Amino acid sequence: MTALGAAVVGLGVGEQHALAYAATPGCSLRAVYDVDPARGQAVAKKFQSVKVAESFEEILADSSVDVVSLASYDNCHFDEVVKALGAQKHVFVEKPLCRSIDELRTIKEALQASGPRHLVSNLVLRAAPVYGWLRKAIQSRELGEIYAFDGDYLYGRIEKITGGWRKSVPDYSVMLGGGVHLVDLMLWLTGAKPVSVSASGNEICTAGTEFHYLDYVQAVYAFPSGLIGRITANFGCVHRHQHVVRVFGTKGTFIYDDQGPRLHASRDPAVSAKTLDLASLPATKGDLIPGFIRSILSGANPDTVAQHEFDIISACVAVDQSLSTGSSVEIAYV
């Protein structure tokens, strides 16, 4: 079988995409593109026979490119995803997939019109070994019935929103920009979808800066089973970059924080939690790419994976709707 040709657009984190494609069997890195031509040249030199495209349109017109990886700014994703699908490319895109329900509907229509194309967003925490273990533990009911999921996205890099490109993105959403990772884990680990959400937030940490949007948002999700999910996107915190996860079940509690991942299986204060010797982060930001390529090559049905991506954005956009209305909202899944 001929190797799939891949191209990467945006070479910040996209450089890790390029490394993953170059190392993945059944795939060949064909081209890279960045708005900064010097960066494109510098990245291309790390690989053999990789073309530096002069435009995004050149990537789309290249018949040797089957897969397009998008690692551009958040507000560029929607337009680029739609154009890539229209050019009959499989698409791997950094989070968030898009930033509104209208954009999400348009992407779904473009995907349906493109034929059997694969669409995946790089919510890479799924690739961390500890969450693979946790998903199996939840499915096997090792934790019993799950009644609460807490996820805190501690950004810890305030300078990136007060001085970086994010401050210039209209209506920048910290839930879509970071909290989306924890929303993804909540849905992926529990295998359930919330029906409503109530959110609140503030901008105390960035007051007086060039960032004029909420830097802290808390969302409380309600599920049909009675499960409650609480997700925070905390971009202004004085803390190192960290993802804190707590899953509470009737038979056990999983916690991952600065002390590492561990499992509590007893209420007895004399019984210590079991430390889990599993990595809580993926090895690289390209760790989902080999599975993405395997799915394409194997002819796997892409619909279920794409729908999960749509569900995540639907749940995140509902948070911003709740912030706007000041009330709880039902989640309208696309």
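Quick note: structure is the one above.
Throughout what follows, the structure given in this document is the object of discussion. (Residues numbered from 1 in each chain as written. Predicted model: local features only at pLDDT ≥ 70, side-chain atom pairs only at ≥ 80, totals over all residues. Heavy atoms only, no water.)

Moving on, we get to the pattern of salt bridges. Tallied over the full model, the rule gives 13 salt bridges. We note a salt bridge from D79 to K83, for which the minimum N-O separation is 3.2 Å. Taken together, the residues D79 and K83, both in helix α4 (residues 77–86) and four residues apart, mark about one turn of the helix. For D79, a relative accessible area of 39% corresponds to the partly exposed category. In this structure K83 comes out as partly exposed when scored by relative accessible area, which is 38%. With a shortest N-O distance of 3.7 Å, K193 and D311 are connected by a salt bridge. A residue pair is termed long-range when its members are at least 10 positions apart, and K193 in the loop between α8 (174–190) and β8 (196–202) and D311 in helix α10 (residues 303–325) qualify at 118 residues. Since its relative accessible area comes to 8%, D311 is described here as buried. Several salt bridges share partner residues, and in doing so they unite D150, D152, R230 and R246 into one network. (Salt bridge = Lys/Arg side-chain N within 4 Å of Asp/Glu carboxyl O. Helix = DSSP H or I, 4+ residues; strand = E, 2+ residues; numbered from the N terminus. Buried < 20%, exposed > 50% of the residue type's maximum accessible area, 1.4 Å probe, protein only.)

Looking now at the sheet that holds strand β10 (residues 228–234). Taken in spatial order, the nine strands make up an open sheet running β14-β13-β12-β11-β7-β10-β9-β8-β15, and their pairing is mixed. Looking at strand neighbours, the two that pair on one side only are β14 (274–275) and β15 (329–330), the edges of this open sheet. Docked against the sheet, helix α6 (residues 129–139) engages β7 (146–154), β11 (242–249), β12 (253–257) and β13 (260–264), running at close to 165° with respect to β12. (Pairing = 2+ DSSP bridges. Contact = heavy atoms within 4.5 Å. Axes fitted to C-alpha atoms, helices over the stretch in contact; angles between N-to-C directions.)

This part is about the pairing of β11. Taking burial as the measure, the eight residues of β11 include six buried ones, the bulk of the element. Relative to β12, β11 runs antiparallel, the two being bridged by four bridges. Within the sheet, the bridge partner assigned to V247 lies in β12 and is F254. Between the end of β11 and the start of β12, which pair antiparallel, lie three residues.

Moving on, we get to the packing of aromatic side chains. What the rule picks out here adds up to twelve aromatic pairs. Judged by centre distance (4.6 Å) and plane angle (15°), the rings of Y73 and W165 are stacked. Of this pair, Y73 sits in the loop between β4 (67–70) and α4 while W165 sits in the loop between α7 (159–162) and α8, placing them 92 residues apart in sequence. Their ring planes at 35° and their centres at 5.7 Å tell us that Y153 and F235 sit as a pair that is tilted. A residue pair is termed long-range when its members are at least 10 positions apart, and Y153 in strand β7 and F235 in the loop between β10 and β11 qualify at 82 residues. Y153 gets classed as buried once you look at its relative accessible area, which sits at 3%. (Phe/Tyr/Trp six-rings, centres within 6.5 Å; stacked < 30°, edge-to-face > 60°.)

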